[in-house]
Amino acid sequence: MSDRSGIFAGEDPFAIARAWLSEAEKAEPNDPNAIALATVDETGLPNSRMVLLKEIEDSAFVFYTNYESAKARELDQAGKAAFVMHWKSLRRQIRVRGSITREDGPQADEYYRSRSLKSRLGAWASKQSQPLESRGALMAEVAKVTAAKGPNPPRPPFWGGYRLTPVEIEFWADGAFRLHDRFRWRRKEGTAEWEILRLNP
């Protein structure tokens, strides 16, 4: 598609996403890898929250969370999700929709080990999304976990990753007079060929 050039050029949407994120890492003051993750509960009511995207693979996007959290329950129940990455500094965003699977093996272990010790202990201490009596109660649980797990805690069985394999990715960049540039990559399933369309702003 000759119309697709510059920051939109290329035949691999994951390479384009990595390039945009790399640019954002130099421009965004905080958390350039933040995504607004959208799910639905068992009644179909939408939910969204900010999550840190940890890897853009060759065919999927990976993030991590507590498997007992509300988001995890919704991800497991629906098996589908969407997210948007938005960078004010670049005036760009990427929207993604697709299927969800757990990343609960060696890759999750490796990422868990790469986190700071306090973050690893925090993953054990926090009963994510559950009612909490006070901040003091949480810190007491952290102290208890620290004493029990020591300086090299294993990854909790209730904590790990999710992989979103997209069927749709949209790249958006700000344009003059709100005439933005939008290109949508769409496929029927996670291994099919991409159809690429320019969309009206």
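For clarity, every value in this text was computed on a predicted model and none was experimentally measured. (Residues numbered from 1 in each chain as written. Predicted model: local features only at pLDDT ≥ 70, side-chain atom pairs only at ≥ 80, totals over all residues. Heavy atoms only, no water.)

A.B. asks: Please clarify how helix H1 (residues 13-27) should be interpreted in this entry.
C.D. replies: Residue pairs spaced three or four apart in an α-helix point in one direction, given the helix's 3.6 residues per turn. Between the first and last C-alpha of H1 there are 21 Å, a value that for 15 residues agrees with the 21 Å anticipated at 1.5 Å per step. Pro13, Phe14, Ile16, Ala17, Trp20, Leu21 and Ala24 are the residues of H1 that are buried. Viewed end-on, H1 has its buried residues packed into an arc of 155°, placing them on one side of the element. In H1, the exposed residues that point more than 90 degrees away from the buried face are Glu25 and Lys26. Where H1 is buried, its residues touch strand E2 (46-56), strand E3 (61-66), strand E4 (80-87), strand E5 (92-103), strand E6 (159-173) and strand E7 (181-186). (Helix = DSSP H or I, 4+ residues; strand = E, 2+ residues; numbered from the N terminus. Expected span 1.5 Å × (residues − 1). Buried < 20%, exposed > 50% of the residue type's maximum accessible area, 1.4 Å probe, protein only. Arc of directions from axis to C-beta. Contact = heavy atoms within 4.5 Å.)

A.B. asks: What is the right way to read the nonpolar core from this model?
C.D. replies: Of all hydrophobic cores here, the largest spans 33 residues; its most connected members are Phe61, Phe63, Phe83, Trp87, Ile94, Ile169 and Phe171. The leading source of residues in this core is H1, at six residues. Sequence-distant contacts of Phe171, that is, excluding residues within four places in its chain, are made with Phe8, Pro13, Ile16, Ala17, Trp20, Gln93, Ile94, Asp181, Arg182, Phe183 and Trp185. Counting residues in hydrophobic clusters, the runner-up holds 12 residues, among them Tyr64, Tyr112, Leu121 and Trp124. (Core = buried A, V, L, I, M, F, W, Y, C linked by side-chain atoms within 4.5 Å.)

A.B. asks: How do you make sense of unusual backbone geometry when you look at a structure like this?
C.D. replies: Excluding glycine, residues mostly carry a negative phi; peptide bonds, for their part, are mostly trans. Although it is not a glycine, Asp31 sits at a positive phi angle of roughly 45°. With respect to the element layout, Asp31 can be found in the loop between H1 and strand E1 (34-40). Exposure remark for Asp31: the relative accessible area of 47% places this residue in the partly exposed category. Despite not being glycine, Ser129 shows a phi value in the positive range, around 75°. As for its placement among the helices and strands, Ser129 is situated in the loop between helix H4 (117-125) and helix H5 (135-149).

A.B. asks: I'm lost on the packing of aromatic side chains in this one. Help?
C.D. replies: Two numbers describe a pair of aromatic rings. These are the distance of the centres and the angle of the planes. Counted by the stated rule, this structure contains 15 aromatic pairs. Taking the centre distance of 5.6 Å and the plane angle of 70° together, the rings of Phe8 and Trp20 count as edge-to-face. Of this pair, Phe8 sits in the segment before H1 while Trp20 sits in helix H1; the two residues are 12 residues apart in sequence, bridging distant segments of the chain. Each member of the pair, Phe8 as well as Trp20, carries the same accessibility label: buried. Seen from their ring centres, Phe8 and Phe183 are 4.8 Å apart, and the 55° between their planes marks the pair as tilted. Note that Phe8 is positioned in the segment before H1 and Phe183 in strand E7, a separation of 175 residues in sequence. Taken together through their ring pairs, the aromatic side chains of Phe8, Phe14, Trp20, Phe61, Phe83, Phe171, Phe183, Trp185 and Trp194 make up a single cluster. For Arg92, the ring lying beneath its charged end belongs to Trp20, and the centroid distance is 5.0 Å. Above the plane of the ring of Tyr67 lies Arg102, whose end atom (NZ or CZ) is 3.7 Å from the centre. (Phe/Tyr/Trp six-rings, centres within 6.5 Å; stacked < 30°, edge-to-face > 60°. Lys NZ or Arg CZ within 6 Å of the ring centre and 35° of its normal.)

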